[in-house]
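Residue-level structural notes
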Amino acid sequence: MTSPPSSSEAPERRPPPLRVAPGASAIPGDRLGPASRAGTSLIPGPGTYLRRGHLHASVLGTVRAVPLDDDGGGAADDDDGGASGRIGGKKERWIASVVGREGADPRGGLPCPRAGALVLGRVGRVIRPTHATVDVVASVPEGAGKAGGGPGSKSSEPFAIPFREPFSGTLRQNEVRPNGSLEVKIEECVRPGDLILARVHAEGERDYVLTTAEAELGVIRAVCEGSGREMRPVSWKEMQCPVSMAREGRKVAKPRQMRTA
């Protein structure tokens, strides 16, 4: 009887299916994929963090996925309390990471946001009509990405500096637009998953109060709900899908150059 092939004889494994493909650029807060799914486990590596069962990028950089070698440990590795879940030794395990600028240590980020600072945030929930919840993931130096820091700039200053962990923020209805009022419909300004550039207005009791009530603040990256493609700004209050040409309302930030190198 022929014995089953050993793991060392298995064909070369394909990279796991990630929302941001290996080799592509990720922005702090980008969801990379579930930590565990049928046949595959993702283990958070440098430049990533685990939240609500999904891996997210914590730095601006390039996505990498490396298979975790069993070294003959197989099932023992899957019982070590790691990210492999309840499935036995047949589950593939990958270390997902995001490589930042010039090999900088992604764990050496800033400790916490400060009042008045510019930050990057990922919109979590939009609670009509009052506010939106935001995961604050990185600090943005004043002047980063502005005129003089564009595609031809020689400046070495990064666009974003990640925090060591995401912080909870709130964007209130009256802090979305300049001269904001309660007549602003927050669902027409931000939507879940949007990446926003905001300013820390104040430190609340449980989270950070954010504002986008400046021309340069607001949504800088959004995905069309219909096609799943990244949209392009067409005005200060709308973004458009390049595939379906559908338009969605947003509080659009004045464009900045986001650099990864």
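Here's what I pulled together on the structure shown here. Residues take numbers from 1 onward in each chain, read along the sequence in its written order. Only residues with pLDDT of 70 or above have their local features reported here, since the model is predicted, and side-chain atom pairs are shown and tallied only from 80 upward, although totals for entire chains, interfaces and linings are computed over all residues. Derived side-chain values reflect all non-hydrogen atoms in the structure, with water molecules and hydrogen atoms excluded from consideration.

**Quick look at the overall build of the protein chain**
On a plain count of helices and strands, the protein chain comes out with 1 helix and 17 strands. Burial analysis of the protein chain (261 residues in total) assigns 43% to the buried set. Within the protein chain, counting contacts between residues at least 6 apart in sequence, those at least 24 apart form 65% of the total. Accessible areas in this description were obtained via Shrake-Rupley with a 1.4 Å probe; residue shielding takes into account the shown protein chains only. Carbon together with sulfur atoms contributes 50% to the accessible area of the protein chain, which is approximately 14300 Å² in total. Here a helix means four or more residues in a row that DSSP labels H or I, a strand means two or more in a row labelled E, and each is numbered from the N terminus. For the exposure calls, accessible area comes from a 1.4 Å probe over protein chains only, and a residue counts as buried if that area is under 20% of its type's maximum, exposed if over 50%, partly exposed in between. The contact criterion used is simple: two residues touch if any of their non-hydrogen atoms lie within 4.5 Å.

**Some remarks on the environment of A138**
Examined against the element boundaries, A138 turns out to sit in strand β10 (residues 131–140). In this structure A138 comes out as buried when scored by relative accessible area, which is 0%. Spatially, the C-alpha atoms of A138 and G29 are 8.7 Å apart, while their sequence positions differ by 109 residues. Not counting residues up to four positions away in its chain, the partners in contact with A138 are P28, L118, V119, L120, A160, I161, P162 and F163.

**Remarks on the pairing of strand β7 (residues 61–67)**
The rule for pairing is simple: two strands pair if DSSP sees at least two bridges between them. Of the strand pairs in this sheet, strand β1 (residues 25–26) and β7 are connected by 2 bridges, and their pairing is antiparallel. Bridge pairing links A26 to G61 in β7. Here 6 bridges tie β7 to strand β8 (residues 92–99), and the two strands are oriented antiparallel to one another. Bridge pairing in β8 places V63 opposite V98.

**Some points on unusual backbone geometry**
Cis peptide bonds are those with omega within 30 degrees of zero, and the linkage from R128 to P129 qualifies with -5°. Even without glycine at this site, M245 takes up a positive phi of about 65°. Inspection of the secondary structure puts M245 in the loop between β16 (238–240) and β17 (247–249).

**Observations concerning the side chain of R177**
Tracing the chain through its elements places R177 in the loop between β11 (161–172) and β12 (195–203). Positive charges come from Lys and Arg alone, negative charges from Asp and Glu alone, with His and the N- and C-terminal ends not counted. Salt bridge, as used here, is a side-chain nitrogen of Lys or Arg placed within 4 Å of a carboxyl oxygen of Asp or Glu. Summary of buried charges: R177 has no salt-bridge partner, and the nearest side chain of opposite charge, E188, is 6.6 Å away. In this structure R177 touches E188, C189, A213, W236, K237, R250 and K251, once residues within four positions along its chain are discounted.

**Here's the deal with the packing of aromatic side chains**
Centres within 6.5 Å make a pair out of two Phe, Tyr or Trp rings, where for Trp the six-membered ring is used; the pair is then stacked when the planes are under 30 degrees apart, edge-to-face when over 60, and tilted otherwise. For the structure shown, the criterion picks out 2 aromatic pairs. With centroids separated by 5.7 Å and ring planes inclined at 90°, the aromatic side chains of F163 and F167 adopt a geometry described as edge-to-face. With a relative accessible area of 15%, F167 lands in the buried category. Taking 5.9 Å as the distance between ring centres and 85° as the angle between the ring planes, the aromatic pair formed by F167 and Y208 counts as edge-to-face. Of this pair, F167 sits in strand β11 while Y208 sits in strand β13 (residues 208–211), and the two are 41 residues apart along the sequence. Note on accessibility: F167 and Y208 belong to one class, buried. Pairwise contacts between aromatic rings join F163, F167 and Y208 into one cluster.

**Focus on the sheet that holds β8**
An order of β1-β7-β8-β4-β3 is seen for the 5 strands of this open sheet, with the pairing classed as mixed. Whereas interior strands pair on both sides, the edge strands pair on one side only; in this sheet they are β1 and β3 (36–37).

**A short note on the nonpolar core**
Take the buried Ala, Val, Leu, Ile, Met, Phe, Trp, Tyr and Cys residues and link them wherever side-chain atoms come within 4.5 Å; each set so joined is a nonpolar core. V119, V136, L171, V190, I196 and L210 are the most contacted members of the largest nonpolar core, which has 25 residues in total. Residue assignment for this core shows that the elements contributing at least two residues are β9 (118–127), β10, β11, β12 and β13. In contact with V136, not counting residues within four places along its chain, are P113, V119, L120, G121, F163, E165, P166, F167, G169 and L210. One finds A26, L32, L55 and V59 within the second-largest nonpolar core, a separate group that totals 14 residues.

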